[in-house]
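Each chain, written out:
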Amino acid sequence: MTIKVTVRPYRRRFHQPLQTAHGVWTERAGALLQLRDDRGRVVYGEIAPIPWFGSETLEAALEFCQALAGTLAADEGIPARLPATQFAIGSALRQLDPSPRPPRGGGSRHTHSCFEPESLEPDVICGLLPAGEAMLGGWPPRVALGHRTLKWKIGVFPVAHELAWLDQLVNDLPSHCRLRLDANGGLTASEAAHWLEHCDRVNANPHSCTIEHLEQPLPPDQWPDLVRLSQRHNTAIALDESVATLPQLRACHRQGWTGVYVVKPAIAGSPQQLQDFCRQCSPPQLVFSSVFETRVGRQAALAVAAACYQGRSPIPALGFGTQGQFDDDWDIWPPSHIWNQLR
Ligand SMILES: [Mg+2]
């Protein structure tokens, strides 16, 4: 079977530039691809790279797509250096593939009893708070909306300021809420230890909210320190930048990481291989996360999450609280509408 492939790049501006320890993000650039098979069926995929997170650049992805010259073989090999492209093509192709792995019970093979990717309620999604002191005004509307888990980016302002804001948040937040702190690899080893001691004290208080984990306190190249920190503190450490792609995820699992793994399907590589990894290795603590993709990539990433969580319950909040962050209406448009807009 030969498949016709067309690619259209996009750019979306964030309402509010996103502040992380990596810097300020003002615009999300990516590409949609449309696949049309010889029976005339049309499906979409999305390339949503984050090069500073370990994926290819958009330019490298587009160069690969250009070299396809408009056609794709169903068994086309995509190099491992292009994980976001592997995801885009892999997730589009599986929509055309009518017969692999028939589902048990007759339902879609992507569904999960805990959530349907098409209709997610806020209580299963982690709400994203603004960085810095703005978080103090940011949590009430998110909790009112129904979010029970919230994420705050740290390592953006001086540690003493951020710890004081955290104390205020912990003091005000309902005790059934859960917090995720994300340092994006921006702390030093001693700062990270300081944060974790603070988190352990919060978590030792049965009347306060729970700090679920501290995400990527140190950069991926400081593996021995990450392991040491995880052994010395009760608060869990989640790896994110360290496990951006499937080979990195496999490597950390092989080295015996017992903490949380944050998985961003849209930059991890082949969706089928990611599902196979989850089935074979079943790492105990998996948190799935968005990369600010459009609804094309979002649906495909959530379908992978649903498949990986098959048979597990309860599941951690999904890191997909990324809707409504852009200056456009794409979150509610059907994929074909977004596609036509890019013409
Ligand atoms: Mg993170």
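A few points on the structure. Since we're looking at a predicted model, the values are computed, not measured.

Definitions and cut-offs
- The numbers attached to residues start from 1 for each chain and follow its sequence in the written order.
- Owing to the predicted nature of the model, reporting of local features is limited to residues with pLDDT of at least 70; listing and counting of side-chain atom pairs is limited to 80 or more, with chain, interface and lining totals taken over all residues.
- Side-chain metrics rest on all non-hydrogen atoms present in the structure, leaving aside hydrogens and water.
- For Na, K and Ca the donor cutoff is 3.2 Å, while for all other metals N, O and S atoms must lie within 2.8 Å; water is not among the atoms, so some sites may look incomplete.
- Each helix corresponds to a stretch of at least 4 residues labelled H or I by DSSP, and each strand to a stretch of at least 2 residues labelled E; elements are numbered beginning at the N terminus.
- Only protein chains enter the area calculation, which uses a 1.4 Å probe; residues under 20% of their type maximum are buried, those over 50% are exposed, and those in between are partly exposed.
- By arc we mean the arc of the directions from the helix axis to the C-beta atoms, nothing more.
- Residue contacts are counted whenever heavy atoms from the two residues lie within 4.5 Å of one another.
- Here a strand pair is declared whenever DSSP counts at least two bridges between the two strands.
- Convention adopted: a line fitted to C-alpha atoms gives each axis, helices being fitted over their contacting stretch, and angles between N-to-C directions are expressed from 0 to 180 degrees.
- Any residue with an atom within 4 Å of a point lines the site, the site being either a cavity, points on a 1 Å grid over the protein atoms alone where a 1.4 Å probe fits but cannot get out, or a pocket, an open set with protein on both sides within 12 Å along at least 5 of 7 lines.
- Grid points are joined across faces, edges and corners, and a volume is the space filled by probe spheres set on the points.
- For this classification, the nonpolar set comprises Ala, Val, Leu, Ile, Met, Phe, Trp, Tyr, Cys and Pro, the charged set comprises Asp, Glu, Lys and Arg, and every other residue, Gly included, is treated as polar.
- Here the term right-handed applies to a crossover when the path leading from its first strand over the helix to its second strand runs clockwise, the strands being oriented away from the viewer.

A few words on the coordination of the magnesium ion. In the first shell of the magnesium ion, the protein supplies Asp182 (OD), Glu215 (OE) and Asp240 (OD), at 2.1 to 2.3 Å from the metal. One chain supplies every donor for the magnesium ion, spaced along it as D-x32-E-x24-D. Taken together, the residues span a long stretch of sequence, with Asp182 in strand 7 (residues 178–182) and Asp240 in the loop between strand 9 (236–239) and helix 7 (246–254) at a distance of 58 residues. For the pair shown, Asp182 and Asp240 are each scored as buried.

For helix 1 (residues 58–67), the complete set of buried residues consists of Leu58, Ala61, Phe64 and Cys65. Mapping the buried residues of helix 1 onto a view down its axis gives an arc of 125°, with all of them on the same face. Of the residues in helix 1, the exposed ones pointing more than 90 degrees away from the buried face are Glu59, Glu63, Gln66 and Ala67. Buried residues along helix 1 sit against strand 1 (2–20), strand 2 (23–36), strand 3 (42–47) and helix 2 (83–96). Positive backbone phi, approximately 55°, marks Ala69, located one or two places after helix 1.

So, about the sheet that holds strand 12 (residues 318–321). A sheet is described by the order of its strands in space; here 8 strands give the open sequence 11-10-9-8-7-6-5-12, paired in parallel fashion. Edge positions in the sheet fall to strand 11 (286–288) and strand 12, since each of these pairs with one other strand and no more. Pairs of neighbouring strands in the sheet enclose a mean axial angle of 30°, with direction left out of account. Here strand 10 (residues 260–263) runs beside strand 11; their pairing, made up of 3 bridges, is parallel. Paired with Tyr261 across the bridge in strand 11 is Leu286. Its contacts with the sheet place helix 5 (residues 189–204) against strand 6 (149–153), strand 7, strand 8 (210–215) and strand 9, and it is angled at close to 160° to strand 8.

Turning next to empty space enclosed by the protein. The gaps left among the atoms become clear once a water-sized probe is rolled over them. If you walk through the whole model with that rule in mind, you get 1 cavity of 30 Å³ or more. Approximately 40 Å³ is the volume attributed to the largest cavity. Arg12, Glu293, Thr294, Arg295, Arg298, Thr322, Gln323, Phe326 and Asp331 together form the lining of the largest cavity. Its residues assigned to classes, the lining of the largest cavity comprises 1 nonpolar, 3 polar and 5 charged.

The next subject is the pairing of strand 9. Looking at chain direction, strand 8 and strand 9 are connected through 3 bridges and run parallel. Residue pairing for strand 9: Leu214 is matched across the bridge by Ile237. Of the pairings in the sheet, the one linking strand 9 to strand 10 comprises 2 bridges and is parallel in character. What sits directly across from Ala238, in strand 10, is Val260. For the segment spanning strand 9, helix 7 and strand 10, crossover handedness is right-handed.

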